[in-house]
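Tertiary structure, described
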Amino acid sequence: MLELIGVSKNFRDSDVITQALQPIDLTVQLGEFISFIGPSGSGKTTLLNVLGLLETPCSGDYVFAGKNVSTLNDKEKSRLRNREIGYVFQSFHLLPDFCVYDNIEMPLRYSKMHSNLRRKRVWGLLEQVGLSDFAKYKPSQLSGGQQQKAAIARALVTEPAVILADEPTGNLDLNSSAEVMALLTTLNQQGTTILMATHNLDLAQQSKRVIEVRDGVIKERCLVHYASRWGIEL
Ligand SMILES: Nc1ncnc2c1ncn2[C@@H]1O[C@H](COP(=O)(O)OP(=O)(O)OP(=O)(O)O)[C@@H](O)[C@H]1O
């Protein structure tokens, strides 16, 4: 469903060039839950950003649901982004002056969806993530875990095929992390494809497929590999 073929990415800052992604090949099937695990600076965010059409590769082809992304113009790309991809970030990125309900509804603001349907969808998501009683709260009045659940609801409101989650529990305590992971797992069981970047092996272990990113190179890993390397009992 998503296919990277020889995709690379480098960044140029004045005369410094950083090769964030070496040419990589990757196929993601619909319904997968993949963790990208690796140390800081290894290229996880860059990879998610390329997959999420937030960064343009320097070489190679990216085929998204049968469409070669490099042949799309900006408008077509943004339509694909808005319809098919939901983004979840470590620091939530909620709009501080808007309540939870309005934050979740935001991606639908400029859609042609009827207001009744919009309302129904937002309330359905509030219920699904356990925030029905907090609809009128501002983000600052919520815990980190609740803010991330609101951000996940916002990512889901367009019913995207794919959720990209970049260190979704990076700012959360253990309990909230577990709740957010449980929510992502449920969404995956309901059919949403989830691509998550993490430093955390315990979290990676909860996904169906683990890919290590190191120096811009990806490697499929089975968890036994990590367990023996890091001295963890599975
Ligand atoms: N916009 C940018 N301009 C210049 N260099 C960048 C840019 N974005 C990323 N890089 C570099 O690309 C490399 C990969 O960065 P990336 O953020 O993808 O790593 P990461 O694995 O997500 O790290 P972290 O876990 O710390 O978020 C790093 O060397 C980083 O400094």
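Residues numbered from 1 in each chain as written. Predicted model: local features only at pLDDT ≥ 70, side-chain atom pairs only at ≥ 80, totals over all residues.

What follows covers helix H1 (residues 44-51). Residue pairs three or four apart in sequence face the same way in an α-helix, which turns once every 3.6 residues. Taking burial as the measure, the eight residues of H1 include seven buried ones, the bulk of the element. Those residues of H1 that fall on the buried side of the exposure criterion are Lys44, Thr45, Thr46, Leu47, Leu48, Val50 and Leu51. (Buried ≥ 20, exposed ≤ 12 C-beta atoms within 10 Å, placed from the backbone. Helix = DSSP H or I, 4+ residues; strand = E, 2+ residues; numbered from the N terminus.)

Every residue close to the ligand is listed here: Phe11, Asp13, Thr18, Ala20, Gly38, Ser40, Gly41, Ser42, Gly43, Lys44, Thr45 and Thr46. Contributions of two or more residues to the shell around the ligand are made by strand E1 (2-13), strand E2 (16-28) and H1. Of the residues belonging to the shell around the ligand, the class tally is two nonpolar, eight polar and two charged. (Near = placed C-beta within 6 Å. Nonpolar A, V, L, I, M, F, W, Y, C, P; charged D, E, K, R; others polar.)

Across a sheet, paired strands are connected by hydrogen bonds in the backbone, their directions being either parallel or antiparallel. Taken in spatial order, the six strands line up as E6-E7-E8-E3-E9-E10 in an open sheet, and their pairing is mixed. A single partner strand is all that each edge strand has here, and the edge strands are strand E6 (85-89) and strand E10 (217-221). Neighbour to neighbour, the strand axes of the sheet diverge by 20 degrees on average, direction disregarded. The sheet contact formed by strand E3 (residues 33-37) and strand E9 (residues 209-214) spans four bridges and is parallel. Within E9, the residue paired with Phe36 across the bridge is Ile211. The strands touched by H1 within the sheet are E3, strand E7 (162-166), strand E8 (193-198) and E9, with E8 carrying the most contacts at an inclination of about 155 degrees. Here helix H6 (residues 174-189) sits on the sheet in contact with E3, E7 and E8, set at roughly 150 degrees to E8. (Pairing = 2+ DSSP bridges. Axes fitted to C-alpha atoms, helices over the stretch in contact; angles between N-to-C directions. Contact = placed C-beta atoms within 7 Å.)

What follows concerns the sheet that holds E1. The four strands lie next to each other as E2-E1-E4-E5, forming an open sheet whose pairing is antiparallel. The two strands at the open ends of the sheet, each matched to only one other strand, are E2 and strand E5 (67-68). When E1 meets E2, the two strands line up antiparallel, connected through nine bridges. Considered in E2, the bridge of Leu2 is made with Val28.

It is worth spelling out the environment of Met106 at this point. By the secondary structure assignment, Met106 is in the loop between helix H3 (100-105) and helix H4 (115-128). Using a count of 15 C-beta atoms within 10 Å as the deciding quantity, one classes Met106 as partly exposed. In sequence terms Met106 and Leu80 are 26 residues apart; their C-alpha atoms lie 17 Å from each other.

Next up on the list: the pairing of E1. Hairpin geometry of E1 and E2 is characterised by an intervening segment of two residues between the two adjacent antiparallel strands and by a positive phi of about 45 degrees at Ser14. Of the strand pairs in this sheet, E1 and strand E4 (residues 59-64) are connected by five bridges, and their pairing is antiparallel. Its bridge partner lying in E4, Ser8 is registered against Ser59.

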